[in-house]
Structures are given as structure tokens and as C-alpha cells.
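The primary structure of each chain is shown beneath.
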Amino acid sequence: AQSDELTKTISTCQSCHGQGGNSVTTTVPRLNGQQAEYLVSRFNSFRDPTSQSPHATNFMWPITSQVADESVSALAKYFAGQTPPAPMATGSITADGKRIYENGAPNVPACQSCHGVGAEGRGLVPRLAGQHADYLKAQLEVLGLMIRESKTMHPNAANMSAFQIDAVAAYLAND
């Protein structure tokens, strides 16, 4: 049984991220089926407003700063336990996205080497499969510009062209 505080926090999250974390807004990430360890890390990263894009800080810092530390893990487990959407590759560039995801490109390693063959992620590496294309593109852009903190992703995203970003997002997305 969930505590009243956890239930209230889940409800607050769902007001933007959708029922069960299944966001219908293409710029708001889906949380359903995301790796719990990643969700805890990402949640805690919002508590440092200097490590995020201004947009993320504006929306997430006021919320995450009010959640008790002991609720974060339970919150992450709840959303991780929800059924994730499958990717539904659409558009003419998805074949290019698949090739980049699986094999990489010049100066861009294969995404699957960290995110998994099915883009399911593991541990601190996020699930990408079934995410919104607009959200994926925005994250790759802010990571490439070093606006969002990630030592691993900075060089990888910085080396991706706009076409490569669009193609990988189209391949992974469910919009």
C-alpha cells in the first residue's frame, strides 16, 4: 500500500507526465517503464538547478525540491513498474536512425552499446524506446551543447548532425 505522501507525489507527477507516466505531450518525457535507478538519479539532478537546461529547471526544481528523500526511490519504482510504450518507427528516415542506433556513424558510437539492443536502458542508462521524438531530439541537442550535465553523452551528442538526431529519434519514438 502506498503512503498518502507517495500517492500525492505520484499524482503531482502524473499531472504533467500522464497517467502511469505515459505522457501525451511530446515535449514531456514518458516515465513509464523507465529504469528506476535512472529515474532516481535524474530526479535528484533536478535538485541542482545549475546542472539542467533552464526549461527543465523552471519546471522540475520547484517540485523535486519539495519531495522527501525517502519517497524518491518508491516514486521511481512505481514509474519503472508501469508498462512502457513500444517504439513505432515511422517516416522515411527511420532506416537511417536504426543504422546509427545499431552501428554508429563517424565520431558517433552505436547507441545500443550503452542503451541496449532494444533501447531498454539499464541501471543509470535511460530507456529510449517508445519515448517522444520531440523530447529525444531536445535532449540530444541540450546534451550536445553541454546545457544538460552528462559527461558520457556530451561528446557523443555534440558529434551528431541535426539529420542524425532526427533519424535516431524517429527510429526510437512512439508518437
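Below is a short write-up of the structure. Treat the numbers as computed from the prediction; the structure is a model and nothing was measured.

**Things to note about the environment of F163**
Tracing the chain through its elements places F163 in helix α9 (residues 162-172). Sequence separation between F163 and D4 is 159 residues, and the spatial gap between their C-alpha atoms is 46 Å. Those residues in contact with F163 that sit more than four places away from it in its chain are I93 and D96.

**Points about empty space enclosed by the protein**
Applying the stated rule across the entire model yields one cavity of 30 Å³ or more. What the largest cavity holds in volume is close to 50 Å³. In terms of lining, the largest cavity is formed by R30, N32, Q34, P85, R127, A129, G130 and Q131. Looking at the lining of the largest cavity residue by residue, the classes come out as two nonpolar, four polar and two charged.

**What to know about the packing of aromatic side chains**
The final tally for this structure, using the stated rule, is two aromatic pairs. Taken together, a centroid distance of 4.9 Å and an interplanar angle of 75° make the contact between Y78 and F79 edge-to-face. Neither residue differs from the other here; Y78 and F79 are each classed as buried. Plain terms: the ring middles of Y101 and Y171 are 5.9 Å apart, the flat faces sit at 45° to each other, and that makes the pair tilted. In this pair, Y101 is assigned in helix α5 (residues 94-103) and Y171 in helix α9, connecting sequence segments 70 residues apart. The exposure class assigned to Y171 is buried, which follows from its relative accessible area of 18%.

**A few points about the packing of helix α2 (residues 36-45) against helix α4 (residues 69-80)**
One can describe the packing of α2 onto α4 by two numbers: an axis separation of 8 Å at closest approach and a directional angle of 130°. Classified by the interaxial angle, the pair formed by α2 and α4 is oblique. Handedness of the α2/α4 crossing: right-handed. Residues A36, L39, V40, F43 and N44 of α2 touch α4, and the partners they reach there are V72, S73, L75, A76, K77, F79 and A80. Of the residues in the contact of α2 with α4, the class split is nine nonpolar, two polar and one charged.

**Concerning the packing of α5 against α9**
The N-to-C vectors of α5 and α9 enclose an angle of 95°; their axes lie 7 Å apart at closest approach. Between α5 and α9, the crossing angle belongs to the class labelled roughly perpendicular. Across the interface between the two elements, T94, D96, G97, K98, I100, Y101 and E102 of α5 pack against F163, Q164, A167, V168, A170, Y171 and L172 of α9.

Each value, and the rule that gives it
Residues numbered from 1 in each chain as written. Predicted model: local features only at pLDDT ≥ 70, side-chain atom pairs only at ≥ 80, totals over all residues. Heavy atoms only, no water. Helix = DSSP H or I, 4+ residues; strand = E, 2+ residues; numbered from the N terminus. Contact = heavy atoms within 4.5 Å. 1 Å grid on protein atoms, 1.4 Å probe; cavity = no way out; pocket = protein on both sides within 12 Å on 5 of 7 lines; lining within 4 Å. Points joined across faces, edges and corners; volume = space filled by probe spheres on them. Nonpolar A, V, L, I, M, F, W, Y, C, P; charged D, E, K, R; others polar. Phe/Tyr/Trp six-rings, centres within 6.5 Å; stacked < 30°, edge-to-face > 60°. Buried < 20%, exposed > 50% of the residue type's maximum accessible area, 1.4 Å probe, protein only. Axes fitted to C-alpha atoms, helices over the stretch in contact; angles between N-to-C directions. Parallel < 35°, antiparallel > 145°, perpendicular 65-115°, else oblique. Left-handed = near helix turned anticlockwise from the far one by under 90°.

Everything listed is a geometric property; what it means functionally is a separate question.
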